[in-house]
Amino acid sequence: MPDDLPLETAPRRMKTKDAWDWGLGRWEAYFGLVLVSTAMYALVGEPWGRGVVATALLLAMVPWYVFLGRRLIGRDRTDAAVYVYIAGLILLCDAAILAAPQSSLVLFAASPQCFMLVRWQYSLVALVLLNAVPAIRFLGSDPDTGAIVSFAVWTAVVIGFSMFFGIWIDRIIDQSRERRELIQQLETTRAELAEVSREAGVMAERERMAAEIHDTLAQGFTSILMLLQAADAYIGRDPESARRQVGLAARTARENLAEARALVAALPPAPLGGSSLDEAVGRLTERLREELGVAADYTLTGERRRLSAGAEVVLLRVAQESLANVRKHAKADRVEVGLAYAAESVRLEIRDDGVGFTPGASHGFGLHGMRERVGQVGGSLDVRSEPGAGTAVVVEVPA
C-alpha cells in the first residue's frame with residue numbers, strides 16, 4: 001500500500017517479527033560456540049603452526065558470514081550470492097581441516113547452513129563436498145577396521161545432525177515467510193475494509209442529510225412559496241388575509257432557519273427543542289389548519305411519555321412529510337392526526353379526504369425516505385390510498 005494513504009485507511013504497521021527473526025540470535029549463538037570451540041581444539045591438538053593456520057581459516061568464517069551469509073538466510077534461494085557464499089564456506093572449512101584435522105568439528109555448524117540457504121537436493125551436494133576432505137585424508141592414512149568404524153559413525157552423526165537441524169531450520173524459514181505474507185495480506189485487507197467502511201459511512205451520512213433536508217428545509221421552502229403565492233392573490237382585494245399569509249410565511253421561514261441551525265450543529269429537530277413529541281405534532285397540525293384553512297383535528301390517546309431520541313425523530317419526520325404531502329398534493333377538506341401511546345409501542349395516524357393516489361407507483365423521495373427512517377428503528381409503516389378516496393398513513397414504532 002502507498003505510504004501517503006489517509007490515516008483512516010493506511011494500515012498500521014504491525015510491530016511483529018518473523019518466527020525466523022526470533023530464532024536467528026539462537027542460531028548465531030550456536031554457530032559462534034561451535035566455531036570458538038573448534039578453534040581452541042585446533043590450537044591445542046595440533047602443532048603450533050598448523051593450529052594457527054586452521055584457527056585463522058576458521059575465524060575468517062565470521063566476516064564471511066556477517067557480511068554475506070547472514071543477509072541470505074531466509075531470503076531468495078535462487079540468488080546467485082547464495083552459491084557464492086556456500087562455495088566460500090566449503091573452501092574455508094576444507095582448508096582448515098587440511099591444516100588441522102581437529103577442525104572437522106566445525107562441520108556441526110557449517111553443514112546446517114547449506115540446508116538453511118538452498119533446497120535439500122543442493123544441500124546434499126554441499127554436504128558431500130564439506131565431508132570429502134576429511135574422508136579423503138582419513139582413507140589416505142591407511143586406517144584399521146576400528147578407525148574406519150569410528151570415522152563412519154562420526155560422519156553419519158555429522159550428516160544426520162546436519163540434515164535434521166538444517167531441515168528443521170528450513171521449515172521454520174518457510175513458515176516464517178508464509179506468516180510474513182499472511183500478515184501483509186491481512187494489513188492490505190484491513191486497509192481495504194477500512195476504506196469500504198469509510199465510503200459506506202460517507203454514503204450513509206449523505207443519505208441521512210438528504211432525508212433531513214428533504215423533510216425539513218425543502219418542505220419548509222415549499223410552504224413559504226405556497227403562502228407567498230396565496231398572499232399575492234389577496235393583495236389589493238383583501239390586505240388582512242395577505243398580511244396573515246405573509247405572517248405565516250415568515251414564521252415558517254424562522255422555523256426553517258432553526259431547522260438549518262439544528263442540522264449544522266447536529267442538534268435534535270427544532271420542533272422537538274424543549275417540547276414533547278405530542279406537542280410538536282399538535283403544532284404541525286395547527287399550522288396546517290392555519291395555512292390551508294381546512295378542518296385539521298389532532299387527538300392524543302394513552303399516557304404520553306418520553307421515547308428514545310431515534311423514535312421521536314422518526315415519528316416527527318413522518319408527521320412532517322405526511323402533512324407536507326397533504327399540503328402539496330391532497331387538496332383535502334379534512335385532515336385527522338392521531339397519536340396513540342400503548343404499553344410497548346406508539347402509533348401515529350394521519351388521514352385526509354383528498355384526491356389520493358395509487359400505492360406502489362413512484363412518488364419520489366418522500367415515501368421511500370419515510371420507510372427507510374421507520375425501518376431504522378424497527379417500526380412499521382402502512383400507506384393506504386385510492387384515487388379519489390383520500391390517504392391514510394399509519395406508522396408504529398417500539399416504545
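The shown structure was predicted, so the numbers you read here are calculated from the model rather than taken from an experiment.

Caption draft 1: Fine view of the packing of helix 9 (residues 277-292) against helix 10 (residues 309-330). Axis separation between helix 9 and helix 10 bottoms out at 10 Å; the angle between their running directions is 10°. In terms of axis orientation, helix 9 runs roughly parallel to helix 10. In contact with Leu277, Ala280, Val281, Leu284, Thr285, Arg287, Leu288, Glu291 and Leu292 of helix 9, helix 10 contributes Glu312, Leu315, Leu316, Ala319, Gln320, Leu323, Val326 and Arg327. Its residues assigned to classes, the contact of helix 9 with helix 10 comprises 11 nonpolar, two polar and four charged.

Caption draft 2: Up close: the sheet that holds strand 2 (residues 334-341). Spatially, the five strands line up as an open sheet ordered 1-2-3-5-4, and their pairing is mixed. Sheet topology places strand 1 (295-301) and strand 4 (380-385) at the edges, where each strand pairs with a single neighbour. Each strand of the sheet is rotated relative to its neighbour by a mean of 10°, with strand direction disregarded. Relative to strand 3 (residues 345-352), strand 2 runs antiparallel, the two being bridged by seven bridges. Opposite glycine 338, over in strand 3, you have glutamate 349 as the bridge partner. Lying over the sheet, helix 10 contacts strand 2, strand 3 and strand 5 (391-398), oriented at roughly 5° with respect to strand 3.

Caption draft 3: The arrangement of the packing of helix 3 (residues 61-72) against helix 4 (residues 80-99) in detail. One can describe the packing of helix 3 onto helix 4 by two numbers: an axis separation of 10 Å at closest approach and a directional angle of 155°. By the criterion of interaxial angle, the relationship of helix 3 to helix 4 is roughly antiparallel. Like other packed secondary-structure pairs, helix 3 and helix 4 cross with a definite hand, here left-handed. Facing helix 3, whose interface residues are Met61, Trp64, Tyr65, Leu68, Gly69, Arg71 and Leu72, helix 4 presents Ala81, Val82, Val84, Tyr85, Gly88, Leu89, Leu92 and Cys93. Tallied by class, the residues present in the contact of helix 3 with helix 4 amount to 12 nonpolar, two polar and one charged.

Here is what the cut-offs are and how they apply
Residues numbered from 1 in each chain as written. Predicted model: local features only at pLDDT ≥ 70, side-chain atom pairs only at ≥ 80, totals over all residues. Heavy atoms only, no water. Axes fitted to C-alpha atoms, helices over the stretch in contact; angles between N-to-C directions. Helix = DSSP H or I, 4+ residues; strand = E, 2+ residues; numbered from the N terminus. Parallel < 35°, antiparallel > 145°, perpendicular 65-115°, else oblique. Contact = heavy atoms within 4.5 Å. Nonpolar A, V, L, I, M, F, W, Y, C, P; charged D, E, K, R; others polar. Pairing = 2+ DSSP bridges. Left-handed = near helix turned anticlockwise from the far one by under 90°.

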